[in-house]
Number of protein chains: 2
Amino acid sequence: MNKSGAVLVLSGPSGAGKSSLLNEIINDIGECYFSISTTTRPLRGTEKDGVDYHFVSQEEFKQDIEDNHFLEYAFVHGNYYGTSVKPVRKALSEGKLILFDIDVQGNTAVNNRLGDITTSVFITPPTLSELKSRLAGRSTDSQEVMDARLKMAKREIQRVSEYDFLIINDDLQRAAGILRQIAITARMKTSMNEVNEFVQNWEDIEQ
Amino acid sequence: MNKSGAVLVLSGPSGAGKSSLLNEIINDIGECYFSISTTTRPLRGTEKDGVDYHFVSQEEFKQDIEDNHFLEYAFVHGNYYGTSVKPVRKALSEGKLILFDIDVQGNTAVNNRLGDITTSVFITPPTLSELKSRLAGRSTDSQEVMDARLKMAKREIQRVSEYDFLIINDDLQRAAGILRQIAITARMKTSMNEVNEFVQNWEDIEQ
């Protein structure tokens, strides 16, 4: 049986601590591919093109939509964000665990396409006021962007039940322990292709 | 947040090695409640009432169906099998991981009722001929029962894709390692009640 890869979706508001959590566990969870989103929003602070995002123009993005190059995409806070399908397919065929940092809409889209091999986790600060103070502590966002983020967080938290797991990030080490456990298990999900192949062989050998 | 329990469903043909696998991992996965099914089939070999099954008459079983006492039940190989809802509720409120050894129909029923906290695993021998020889090696089954088991296994294997995980039990230690990992993660699933409670508090604190 050819082992194929699997998918781990991480969602949650900016300020939930997703990056810090990933840094804590990334060396413990086997070979990963961190999906880099494509966006039309401007580069921020110390971000690098091709590392934090693929930064493209609205025209390029719209062309990619037309060419059906996105696994999922969304228009958020006045900018496009999307996931190209090609590197995802490649990483899956190499048996990697694909990590997605995407929003609730993105999770729905990924589950529609890759539901059998997808595990989804929503990560959140313990309270909205904690989220506010974490966002205020970052100097990269304008007040307007911060307000938009809080509004989005309030909307997204209503859809937490669509996720397989909820992690309340009140203690980094505790939360990292839970995420590590979930990530290692996520890889054990079997794709429909593998299941079909197994069922086929199971019966063939009987004759 | 009151931590509630979670559910791990184990399905797969008799002879898949479910009991042996559970024995391997039971000490590593925290506090569990092993759901004991109720059945109308006769006691077999060294089985004990209240340990392997609750053995009851057809009349008692039908009365319990009427009184809505079952989380799920099915009529298989001429006998009734079912899971009483009361001990399951109790174990959940105690935060335990509830282990179910039930068939594909049972898995559907449990997922309909407790889907948000349920992880399901299908365990199978690598091939049908391997299953045949394992069943033939047991002296407890008549040829008729064995044939019925094989027929059921062939039917159930077609529905493996309804499960979260497929474990091919070709090597006990390897399979036990996978099941251990899945069982520990299964406990981290959050019930809808917990999610709702969290969302409620998350917003309340803002005011």
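In this text, all values refer to a predicted model and were calculated from it rather than measured experimentally.

(A) Summary view of the overall build of chain A. Secondary structure assignment for chain A yields eight helices and nine strands. For chain A, whose C-alpha radius of gyration is 18 Å, the value lies close to the compact-globule estimate of 17 Å for 207 residues. Taken along its principal axes, the extent of the C-alpha atoms in chain A is 70 × 45 × 30 Å. Counting every position in chain A, which comprises 207 residues, the buried fraction comes to 36%. For chain A, the proportion of contacts with a sequence separation of at least 24, taken over those separated by at least 6, is 72%.

(B) Examining unusual backbone geometry more closely. All names here are of chain A. With phi around 60 degrees, Asn68 is a residue other than glycine that occupies positive phi space. Tracing the backbone shows Asn68 in the loop between α2 (58–66) and β5 (70–76). Residue Asn68 is classed as exposed on the basis of its C-beta count, with 8 C-beta atoms lying within 10 Å.

(C) Fine view of the packing of helix α7 (residues 172–186) of chain A against helix α7 (residues 172–186) of chain B. Following both chains from N to C, one finds α7(A) and α7(B) inclined at 135 degrees, their axes separated by 9 Å at the closest point. In terms of orientation, α7(A) lies oblique with respect to α7(B). As for the relative orientation of α7(A) and α7(B), their crossing is left-handed in sense. Contact residues: α7(A) offers Gln181(A), Ile182(A), Ile184(A) and Thr185(A), while α7(B) offers Gln181(B), Ile182(B), Ile184(B) and Thr185(B).

(D) Here's a closer look at the sheet that holds strand β8 (residues 118–124) of chain B. Residues and elements named next belong to chain B. Spatially, β2-β7-β1-β8-β9 is the arrangement adopted by the five strands of the open sheet, whose pairing is parallel. With one partner strand each, in any of the chains shown, β2 (32–34) and β9 (165–168) form the two edges of the open sheet. Each adjacent strand pair in this sheet contributes to an overall mean axis angle of 25 degrees, direction not counted. Across five bridges, strand β1 (residues 6–11) lies against strand β7 (residues 97–101) in parallel orientation. Residue pairing in the sheet places Leu10 in a bridge with Asp101 of β7.

(E) View of the interface of chain B and chain A. Taken together, the contact pairs 28 residues of chain B with 28 residues of chain A. If you list the elements that add at least two residues to the side of chain B that touches chain A, you get α5 (128–136), β9, α7 and α8 (192–204) of chain B. Residue contributions to the side of chain B that touches chain A peak at six residues, all from α8(B). For the side of chain B that touches chain A, the per-class residue count stands at 16 nonpolar, seven polar and five charged.

(F) Local environment of the sheet that holds strand β1 (residues 6–11) of chain A. Residue and element names in this part refer to chain A. Overall, parallel pairing links the five strands, which are arranged β2-β7-β1-β8-β9 in an open sheet. A strand with exactly one partner marks an edge of an open sheet, and here the two such strands are β2 (32–34) and β9 (165–168). Neighbouring strand axes in the sheet, compared pairwise and without regard to direction, differ in orientation by 25 degrees on average.

(G) Here's a closer look at the environment of Glu144(B). Relative to the assigned elements, Glu144(B) resides in helix α6 (residues 143–157). A sequence separation of 15 residues divides Glu144(B) from Arg159(B), and the C-alpha atoms of the two residues are 24 Å apart.

(H) Main features of the relation of the copies chain B and chain A. At an RMSD of 0.1 Å, chain B and chain A line up after a rotation of 180 degrees and a shift of 0.0 Å along the axis. Considering both components of the superposition, the chain copies are consistent with a two-fold axis. Residue Thr185(B) of chain B places its C-alpha closer to the rotation axis than any other residue of that unit, at 3.4 Å. Taken as a fraction of all interface residues of chain B, those also at the interface in chain A reach 100%, which identifies the copy contact as same-surface.

(I) Here's a closer look at α7(B). Between its first and last C-alpha atoms α7(B) spans 20 Å; for 15 residues at 1.5 Å apiece the expected length is 21 Å, and the two agree. Inspection of α7(B) places Ala175(B), Ala176(B), Ile178(B), Leu179(B), Ile182(B), Ala183(B), Thr185(B) and Ala186(B) among the buried residues, and these make up the whole buried set. Where α7(B) is buried, its residues touch α7 of chain A together with β1, α1 (18–25), β7, β8 and β9 of chain B.

(J) Looking closely at the confidence of the model for chain A. On average, chain A scores 91 in pLDDT, and the residues at 70 or more come to 96%. Scoring of the predicted complex yields 0.87 for pTM and 0.84 for ipTM.

(K) Representation of the packing of helix α1 (residues 18–25) of chain A against α7(A) in the model. Residue and element names in this part refer to chain A. At their nearest, the axes of α1 and α7 sit 9 Å apart, and the two run at 65 degrees to each other. Here α1 lies roughly perpendicular to α7, going by the angle between them. Between α1 and α7 lies a crossing of right-handed hand. Side by side, α1 and α7 meet where Ser20, Leu21, Glu24 and Ile25 of the first sit next to Leu172, Ala175, Ala176, Leu179, Arg180 and Ala183 of the second. In terms of residue class, the contact of α1 with α7 is built from seven nonpolar, one polar and two charged.

Conventions and cut-offs
Residues numbered from 1 in each chain as written. Chains lettered and ligands numbered in written order. Predicted model: local features only at pLDDT ≥ 70, side-chain atom pairs only at ≥ 80, totals over all residues. Helix = DSSP H or I, 4+ residues; strand = E, 2+ residues; numbered from the N terminus. Rg over C-alpha atoms; globule rule 2.2 N^0.38 Å. Buried ≥ 20, exposed ≤ 12 C-beta atoms within 10 Å, placed from the backbone. Contact = placed C-beta atoms within 7 Å. Axes fitted to C-alpha atoms, helices over the stretch in contact; angles between N-to-C directions. Parallel < 35°, antiparallel > 145°, perpendicular 65-115°, else oblique. Left-handed = near helix turned anticlockwise from the far one by under 90°. Pairing = 2+ DSSP bridges. Nonpolar A, V, L, I, M, F, W, Y, C, P; charged D, E, K, R; others polar. Least-squares fit on C-alpha atoms with pLDDT ≥ 70 in both. Expected span 1.5 Å × (residues − 1). pLDDT = per-residue confidence, 0-100.

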